[in-house]
Amino acid sequence: MHDILPESQAYLKRLQKSIENTNNYYGFQRIDVPVLEYAEVFSKAAGTSSDIVEKEMYTFRTKGGDLVALRPEFTPGIVRSYIEHGMYNLPQPVKLWAMGPCFRHDRPQKGRYRQFIQASLEVLGDKNPSIDGQLIQMSHDVLKDAGFKNISIEVNSIGDSECRPYFKKIITSYFKSRRSSLCSDCQRRLKENPLRVLDCKEEKCQRVKSTAPQIIDHLCEACHVHFEQVLEFLDELELPYTLNPYLVRGLDYYTKTVFEIIEKSEAGIAYGSLASGGRYDGLVKLLGGRDTPACGVGIGVSRIMELMVEKEVKMEKKPEEPKIFLAQLGQLAKRKSLKLFGEFRTAKIPVAESFSKDSLRTQLNTANKMGIKWVLIFGQKEALEDFITLRDMDSGVQQEIKLDKVVEIMKEKINKK
């Protein structure tokens with residue numbers, strides 16, 4: 001564990017502000033969950049064979065005999081809170097974020113601490129692949145704001161309960177025939193959870209893994225379509241991603257999309273994962289709630305801050321109230337809307353949105369309740385013909401604007417107002 005000294009506080013504060021502004025911009029609400037939870041909240045979620053549960057979790061019994069744990073991450077605690085406080089009765093999706101200290105009895109090494117600060121962004125109650133794309137985009141935005149330039153996104157799909165059991169048989173058979181070439185930990189993992197072998201960082205296991213079967217070749221139709229649409233969003237956003245067919249993440253609760261975001265030095269050496277996450281459609285039900293799709297990302301604040309200190313990076317952002325609402329209809333419009341939303345953010349023009357809603361009436365009602373004057377309507381026709389419909393909510397008058405001119409025109413309107 002370590003101290004954050006006064007000379008590092010300015011970097012921490014700027015990074016915290018950047019994360020807060022990004023979450024506010026995308027409509028996420030802050031939640032604070034306890035540092036201490038019942039240990040089973042994490043062991044049920046992560047899986048008893050995961051490194052977190054087996055090696056890294058700080059657990060102890062209270063005077064009353066309860067087995068408790070210092071939180072190793074935020075997601076299970078946020079899901080527990082979502083269930084406990086009946087957030088499934090709220091309009092879905094529920095977008096939450098948290099930030100604070102987490103604890104893992106990790107092997108001491110550069111950039112890893114046993115107490116570290118993490119930010120967690122979670123979207124519960126939405127299965128649309130646009131959510132996966134948006135969380136990756138938000139993580140990328142935070143790192144970009146923090147001054148990182150060589151950002152690389154690794155992404156994969158690990159399927160779901162439909163297709164993963166079949167792949168587990170295939171991968172188990174492959175590793176069993178090469179059992180003697182695996183490290184002792186992976187020989188044990190082979191019995192409990194063969195997918196965890198793919199997550200091993202030992203060099204001898206890396207060699208065996210390099211020719212292993214790939215799960216993306218064995219996805220069911222639903223998982224294949226979902227992953228394809230996630231990649232289409234990333235393409236539309238022009239984010240620098242690569243497919244990593246052996247990326248599985250170290251936690252049992254992940255389904256479908258998984259990703260890690262790293263920064264590389266000028267020499268091409270990776271600094272390690274700075275943000276990582278994925279979809280966890282079964283976790284809410286596993287912890288006693290309803291069947292609820294969900295997706296999230298953890299951002300390693302301590303590690304990012306350490307690199308910012310090395311790079312002597314400074315940043316400053318000022319949140320503003322949205323004056324424009326971006327309404328979209330249809331899959332193509334959703335993809336192009338994400339990119340347009342990013343362009344508005346680059347131009348520092350606040351824009352509200354509801355990417356998970358398809359009804360124009362619902363979106364217009366939302367804009368009206370927020371007191372927003374201008375609504376940009378982006379439907380299938382607009383997406384195909386590269387224009388957008390601007391609606392003045394006060395007068396009801398509508399006009400068409402070319403897509404490549406919309407940011408410039410809206411900037412003029414805001415400044416004039």
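Provided above is the structure to which this section pertains.
How each quantity is defined
- Residues numbered from 1 in each chain as written.
- Predicted model: local features only at pLDDT ≥ 70, side-chain atom pairs only at ≥ 80, totals over all residues.
- Heavy atoms only, no water.
- Helix = DSSP H or I, 4+ residues; strand = E, 2+ residues; numbered from the N terminus.
- Rg over C-alpha atoms; globule rule 2.2 N^0.38 Å.
- Buried < 20%, exposed > 50% of the residue type's maximum accessible area, 1.4 Å probe, protein only.
- Areas by Shrake-Rupley, 256 points an atom, 1.4 Å probe, with all protein chains shown as cover.
- Pairing = 2+ DSSP bridges.
- Phe/Tyr/Trp six-rings, centres within 6.5 Å; stacked < 30°, edge-to-face > 60°.
- Lys NZ or Arg CZ within 6 Å of the ring centre and 35° of its normal.
- Axes fitted to C-alpha atoms, helices over the stretch in contact; angles between N-to-C directions.
- Left-handed = near helix turned anticlockwise from the far one by under 90°.
- Contact = heavy atoms within 4.5 Å.
- Parallel < 35°, antiparallel > 145°, perpendicular 65-115°, else oblique.
- Expected span 1.5 Å × (residues − 1).
- Polar contact = N/O pair within 3.5 Å; in protein donor to acceptor, adjacent residues only side chain to side chain.

Chemist: Can you walk me through the overall build of the protein chain in this structure?
Modeler: Helices and strands together make up the secondary structure of the protein chain, namely 15 helices and 16 strands. What you see for the protein chain is a C-alpha radius of gyration of 22 Å, in line with the 22 Å of a compact globule of 417 residues. Oriented by its inertia axes, the alpha-carbon framework of the protein chain measures out at about 70 × 50 × 50 Å. Buried positions account for 55% of the 417 residues belonging to the protein chain. For the protein chain, the accessible area works out to roughly 19700 Å², and carbon and sulfur atoms hold 48% of it.

Chemist: Teacher, can you tell me more about the pairing of strand E11 (residues 294-300) here?
Modeler: Every other side chain in a regular strand lies on the same face of the sheet, so the side chains alternate between the two faces. Most of E11 sits inside the fold, with seven of its seven residues counted as buried. Here E11 shows a buried face lined by Ala294, Gly296, Gly298 and Gly300 and a second buried face lined by Cys295, Val297 and Ile299. Pairing of strand E6 (residues 115-124) with E11, which is carried by seven bridges, proceeds in the antiparallel orientation. When the bridges of E11 are listed, Ser120 appears paired with Gly298.

Chemist: Got a minute to help me understand the packing of aromatic side chains in this structure?
Modeler: Two aromatic rings are characterised by how far apart their centres lie and by the angle between their planes. This structure, assessed with the given rule, holds seven aromatic pairs. Aromatic side chains Tyr174 and Phe175 sit 5.3 Å apart centroid to centroid with 70° between the ring planes, which places their arrangement in the edge-to-face category. We note that Tyr174, like Phe175, is buried. Aromatic ring contacts, followed pair by pair, group Tyr25, Tyr26 and Phe341 into a single cluster. Seen from the ring of Trp97, Arg30 lies directly overhead, with NZ or CZ sitting 4.8 Å from the centre.

Chemist: Looking at this structure, how should I read the packing of helix H1 (residues 6-25) against helix H5 (residues 129-145)?
Modeler: In the contact formed by H1 and H5, the axes pass within 10 Å of each other and the chain directions differ by 145°. Considering only the axes of H1 and H5, their crossing is right-handed. Listed contacts from H5 to Leu15, Ser18, Ile19, Thr22 and Asn23 of H1 are Met138, Val142 and Asp145.

Chemist: I keep staring at the sheet that holds strand E15 (residues 387-392) and nothing clicks. Help me out?
Modeler: Remark on secondary structure: sheet strands pair via backbone hydrogen bonds, oriented parallel or antiparallel. Pairing is mixed across the open sheet formed by five strands, whose spatial order is E13-E12-E14-E15-E16. Strands with a single pairing partner mark the edges of an open sheet, and in this sheet they are strand E13 (351-353) and strand E16 (398-402). On average, adjacent strands in this sheet sit at an angle of 30° to one another, irrespective of strand direction.

Chemist: Is there a simple way to explain the pairing of strand E5 (residues 94-103) in this structure?
Modeler: By the criterion of burial, E5 is predominantly enclosed, with nine of the ten residues buried. When strand E1 (residues 29-30) meets E5, the two strands line up parallel, connected through two bridges. Pairing of Arg30 across the sheet is with Trp97, part of E5. Relative to E6, E5 runs antiparallel, the two being bridged by ten bridges. Across the sheet, residue Leu96 finds its bridge partner in E6, namely Glu122.

Chemist: Just checking my understanding: could you explain the packing of H5 against helix H12 (residues 331-346) for this structure?
Modeler: Relative placement of two packed helices is described by the angle separating their axes and the distance separating the axes. Their axes nearest at 11 Å, the elements H5 and H12 cross at an angle of 15°. Comparing the axis directions of H5 and H12 gives the class roughly parallel. At the point where H5 passes H12, the crossing takes the right-handed sense. Two secondary-structure elements touch here, H5 through Pro129, Ser130, Gln134, Gln137, Asp141 and Asp145 and H12 through Gln331, Leu338, Gly342 and Arg345.

Chemist: Explain unusual backbone geometry here, please?
Modeler: Note on backbone geometry: most residues besides glycine have negative phi, and most peptide bonds are trans. For the peptide bond that leads from Gln92 to Pro93, omega is 5°, which places it in the cis range. Phi is positive for Lys256, close to 55°, though the residue is something other than glycine. Position of Lys256 relative to the elements: it lies in strand E9 (residues 255-264). Residue classification places Lys256 among the buried positions, given a relative accessible area of 14%. In the Ramachandran plot, Asp386 falls in the positive-phi region, its phi being about 55° despite a non-glycine side chain. In this structure, Asp386 sits in the loop between helix H14 (380-385) and E15.

Chemist: How do you make sense of helix H9 (residues 221-237) when you look at a structure like this?
Modeler: Every α-helix winds through 3.6 residues per turn, so residues three or four apart in the chain are directed the same way. Over its 17 residues, H9 extends 25 Å from the first C-alpha to the last, a length consistent with the 24 Å expected when each residue adds 1.5 Å. Of the positions making up H9, those classed as buried are Cys223, His226, Phe227, Val230, Leu231, Phe233, Leu234, Glu236 and Leu237. Following H9 by one or two positions, Glu238 has its phi on the positive side, about 55°.

Chemist: Explain the environment of Glu353 to me, please; I cannot follow it from the model alone.
Modeler: Structurally, the position occupied by Glu353 is in strand E13. For the pair Glu353 and Thr75, spaced 278 residues apart in the sequence, the C-alpha separation amounts to 24 Å. Here the side chain of Glu353 touches Lys95 through a polar contact of 3.4 Å, side chain to side chain.

Chemist: I'm lost on helix H11 (residues 301-311) in this one. Help?
Modeler: Of all the eleven residues making up H11, eight are buried; the element is thus mostly covered by neighbouring parts of the structure. Along H11, the residues that are buried comprise Val301, Ser302, Arg303, Ile304, Met305, Glu306, Leu307 and Met308. Looking one or two residues beyond H11, the residue adopting positive phi is Glu312, at roughly 55°.

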